[in-house]
Amino acid sequence: MESKRQQKFAGIIQKELAAIFQREGAAYLPNTLVTITKVRVSPDLAVAKVYLSFLNTNNTTLSVAEVNSHAGEIRYKLGARIRHQARVIPTLTFFVDDTNEYVEHMDRLFDKISKDRKENDGNS
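What counts and how
- Residues numbered from 1 in each chain as written.
- Predicted model: local features only at pLDDT ≥ 70, side-chain atom pairs only at ≥ 80, totals over all residues.
- Heavy atoms only, no water.
- UniProt positions renumbered as here; feature names shortened; annotations may be inferred.
- Helix = DSSP H or I, 4+ residues; strand = E, 2+ residues; numbered from the N terminus.
- Contact = heavy atoms within 4.5 Å.
- Pairing = 2+ DSSP bridges.
- Axes fitted to C-alpha atoms, helices over the stretch in contact; angles between N-to-C directions.

Going by the annotation in an unreviewed UniProt entry, the name recorded for the protein chain is Ribosome-binding factor A, with Pedobacter africanus given as the source organism. Under the Subcellular location (unreviewed entry) heading, UniProt states for the protein chain: "Cytoplasm". Recorded under Sequence similarities (unreviewed entry), the UniProt text for the protein chain is reproduced unchanged: "Belongs to the RbfA family."

Caption draft 1: Just the side chain of glutamate 16, in detail. Within the secondary structure, glutamate 16 sits in helix H1 (residues 4–28). Those residues in contact with glutamate 16 that lie beyond four places of it in its chain are Leu78, Arg81 and Ile82.

Caption draft 2: Structural view of the sheet that holds strand S1 (residues 33–41). Reading across from one edge, S1-S2-S3 is the order of the three strands in this open sheet, with mixed pairing throughout. Pairing within the sheet leaves two strands with one partner each, and these edge strands are S1 and strand S3 (91–96). Each strand of the sheet is rotated relative to its neighbour by a mean of 30°, with strand direction disregarded. Pairing geometry for S1 and strand S2 (residues 47–55), over eight bridges, is antiparallel. Looking at S2, one finds that valine 34 is bridged to phenylalanine 54. The sheet contacts of H1 involve S1, S2 and S3, and relative to S1 the element is tilted by about 160°.

Following this line, the structure appears as C-alpha cells:
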C-alpha cells in the first residue's frame, strides 16, 4: 500500500515526465506517441517504476528498451524540472503497460463464452 507521500510524489513525476515526452519524445522514438500510464515510487522515493503505453509502434518491447537506454538523460531532465520539490531524483525504470492488451484479451474470452452459451442454448 502506497503512502500519501509516495502517491503525491508519483503524481509529480508522472506530470513532469509527460511534459518531457511531449516535448522531446520524438528524439527517443520518432513517430510514436508515448503515454505515461502509471508511476510507482519506492517507500524511500529513490526508485520510480514508470509504466508506458505506446501508439504507432509495432514492437513495444523494442520501444521500451529504447526509452530505458535514455533513462539517465530523462532522469537528468526530470531533475532539472523537480529539483526544488525533491531532495533525491529517483532512478527511473520503464516498463510496458499491457493493461489495454489484457482488457482486450479478457473481452475476447467473454465474447467467446457468450457465443458458446448461445450456441448451446440453441442446440437444447
